[in-house]
Amino acid sequence: MVTKTEETQLNRLESQVEHGGGGVWEYLCLVRKLKVRRSDKVLKHGLSILNDPKKRSSLGPDEWTLYEQVAVAAMDCQCLDVAKDCINVLHKRFPDSKRVGRLEAMLFEAKGSWEEAEKAYASLLEDNSLDPVIHKRRVALAKAQGNMLMAVECLNKYLNIFMADYDAWRELAEIYISLQMYKQAAFCYEELVLSQPTVPLYHLAYADVLYTLGGLENLQTARKYYSSTIDLTGGKNNRALFGICLCTSAIAQLTKGRNKEDKDSPDLSSLAAAALEKVYKQGASDKLPILTLALKNLRVSS
Amino acid sequence: MAEDLVLDTAIRDWVLIPLSVVMVLIGILRHFVSKLMRSSQVPDPKIVKEGQVIVRARNLRAGANFIPPKAFRARRVYFSNEENGLLFVPKGQAQNAQAQMFSDPNMAMDMMKKNLSMIIPQTLTFAWVNFFFSGFVAAKIPFPLTQRFRSMLQNGIDLSTVDVSYVSSRSWYFLNLFGLRGLFSLILGEENATDDTQRMMQMSGFGFDPSKILCL
């Protein structure tokens, strides 16, 4: 997670570097530390250091770190020649390094020669079966080939060991949604909610999945999670407001004819509808009639 | 008491400066020696997994109210059922940490290496300082201090009449030992400064008192 102060610092340094104000190395260090993806900038400024022998040698042993960083950035920008040069330099310096081996495998991946990349990763995993980066690269490789089931399998294998890696859970949830396996996706979102209970986005995504799954129980739970999203965002999330309206109308359809046991639902949905109307009135008053029509169709705005 | 002691300039040239220089050099030397001896340990998949399981279980406990009851129950069973639950350890099989430490020679070896690289040079330098420079005043700090600092600054001199702002040579050694951290982090880079003080504090259980170390 990048905090606000770190981000402002990064942006300040970036604009300073862009205007030739120096501090390039500090900027690159910060990018590396925060793990942000600004490959084009890294490539441009990193190369400016690497191509200048005086600046390069003044880095000392950090020079090799920079080579690695620039190589990865270059692969991200599809400058494969630059990446290749960097990797060759690193290979000459560290002939047996696993880390360089990883870069070489990534180069195969960037070129699109999947089989060679797969082979390289497999041999790297044999030496060190606990390298999380390689596991993740394999998932990315499977995804790049469009082989989602393979990606799921790799991710599951990874999560079996590193089960506290919540970014991986999130990735898995998104893959499951793309495969329309909503039950599994719901499980992943439960994990995410457990890990960071105060992030409203996970509540929202979980509610979406539950709503998609359908069924009375799931819809009721989905409504709860839409409500908690609203609670956590301070009422600023329109998607959750719409979600509540949709859930309520779906529940009403399912329980039609039966005696109504939830008493709070009309209240909740009319509140959500009122909040939506207020937001539209403030932000986009010309769309207000469309909203009223839609809400009327859902029979929630009384 | 009121009269100033006059310190020989030879003390400065032959005690104060050499002592500091030697301390710095030893610190650098030790850094490289410990770098040489450090073995890259391959993490055991079982231990890595255990740590991750515990993190996840802790999250489950902390956030139990945030997921539906059904989902919580499913997870609880997954973690703690008696057949193949991840957190279930059959009775009598639980290893205590001590036994595990001794059963794994690598771990003991690592600890010994760490301790050796710290203790041996320290005892040697301390003996060296004690042998050559014990019992005289080596420096004077330019501001007065209260009596409480006597045990810190005048170790090895048992005179209660000397003003506290005089520093004995043995105390100078200790001041160097604990005060050079900043310098090392400048010379050797941020992370790999020899963190003597921290290790020392860990060993002596946080309460750190130079006079206690002297009694070793």
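In this report, the structure presented in the accompanying data block is examined.

Definitions and cut-offs
Residues numbered from 1 in each chain as written. Chains lettered and ligands numbered in written order. Predicted model: local features only at pLDDT ≥ 70, side-chain atom pairs only at ≥ 80, totals over all residues. Heavy atoms only, no water. Helix = DSSP H or I, 4+ residues; strand = E, 2+ residues; numbered from the N terminus. Expected span 1.5 Å × (residues − 1). Buried < 20%, exposed > 50% of the residue type's maximum accessible area, 1.4 Å probe, protein only. Contact = heavy atoms within 4.5 Å. Core = buried A, V, L, I, M, F, W, Y, C linked by side-chain atoms within 4.5 Å. Buried area = accessible area lost by both parts, 1.4 Å probe. Salt bridge = Lys/Arg side-chain N within 4 Å of Asp/Glu carboxyl O. 1 Å grid on protein atoms, 1.4 Å probe; cavity = no way out; pocket = protein on both sides within 12 Å on 5 of 7 lines; lining within 4 Å. Points joined across faces, edges and corners; volume = space filled by probe spheres on them.

## Digging into unusual backbone geometry
Alright, step 1. The backbone of Lys35(A) shows a phi angle near 55 degrees, a positive value even though the residue is not glycine.
Alright, step 2. Note on placement: Lys35(A) falls in the loop between α2 (24-34) and α3 (39-50).

## Focus: helix α5 (residues 62-76) of chain A
Residue and element names in this part refer to chain A.
Alright, step 1. With 15 residues, α5 extends 21 Å from end C-alpha to end C-alpha; this agrees with the ideal 21 Å at 1.5 Å per step.
Alright, step 2. Burial within α5 is extensive, with eleven of its 15 residues counted as buried.
Alright, step 3. Those residues of α5 lying buried are Glu63, Trp64, Leu66, Tyr67, Glu68, Gln69, Val70, Ala71, Ala73, Ala74 and Met75.
Alright, step 4. Here the buried face of α5 lies against α2, α3, α4 (53-58), α6 (80-93) and α7 (98-111).
Alright, step 5. At the C-terminal side of α5, Gln78 shows a positive phi close to 60 degrees.

## Some details on the nonpolar core
Alright, step 1. With 57 residues, the main nonpolar core has Leu155(A), Trp169(A), Leu172(A), Tyr189(A), Tyr226(A) and Ile67(B) as its most contacted residues.
Alright, step 2. Excluding its chain neighbours within four sequence positions, the residues that come into contact with Leu155(A) are Val139(A), Ala168(A), Glu171(A), Leu172(A) and Ile175(A).
Alright, step 3. Of all hydrophobic cores here, the second largest spans 40 residues; its members include Leu28(A), Leu59(A), Val70(A) and Leu141(A).

## Quick look at the interface of chain A and chain B
Alright, step 1. Taken together, the contact between chain A and chain B spans 21 residues of the former and 21 residues of the latter.
Alright, step 2. Three residues, Leu130(A), Met163(A) and Leu194(A), lead the burial of chain A against chain B; their summed loss comes to 35% of the area buried on that side.
Alright, step 3. Summed over the shared surface of chain A and chain B, the number is four salt bridges.
Alright, step 4. The partner of Glu217(A) in a salt bridge is Lys70(B), with the nearest N and O atoms 3.8 Å apart.

## Considerations on the layout of surface pockets
Residues and elements named next belong to chain A.
Alright, step 1. In this model, the largest pocket occupies a volume close to 2100 Å³.
Alright, step 2. Along the wall of the largest pocket there are 43 residues; nearest its centre are Lys35, Arg37, Val72, Lys136 and Arg137.
Alright, step 3. Counting residues per element, the ones that place at least two in the lining of the largest pocket are α2, α3, α5, α7, α9 (132-144), α11 (166-178) and α13 (200-213).
Alright, step 4. In terms of residue count, the dominant contributor to the lining of the largest pocket is α9 (eight residues).

## Observations regarding the pattern of salt bridges
Alright, step 1. If you walk through the whole model with that rule in mind, you get 19 salt bridges over all chains.
Alright, step 2. Among the salt bridges present, the one from Asp127(A) reaches Lys98(A), with a minimum N-O distance of 3.9 Å. A residue pair is termed long-range when its members are at least 10 positions apart, and Asp127(A) in helix α8 (residues 114-127) and Lys98(A) in helix α7 qualify at 29 residues.
Alright, step 3. Given a relative accessible area of 55%, Asp127(A) falls into the exposed group.
Alright, step 4. We classify Lys98(A) as partly exposed; its relative accessible area is 43%.
Alright, step 5. For the salt bridge of Asp13(B) with Arg12(B), the shortest nitrogen-to-oxygen distance reads 3.1 Å.
Alright, step 6. The partly exposed category is assigned to Asp13(B), whose relative accessible area is 37%.
Alright, step 7. Judged by relative accessible area, Arg12(B) falls into the partly exposed class, the value being 43%.
Alright, step 8. One network of salt bridges, with partners in common, ties together Glu190(A), Glu191(A), Arg56(B) and Arg75(B).

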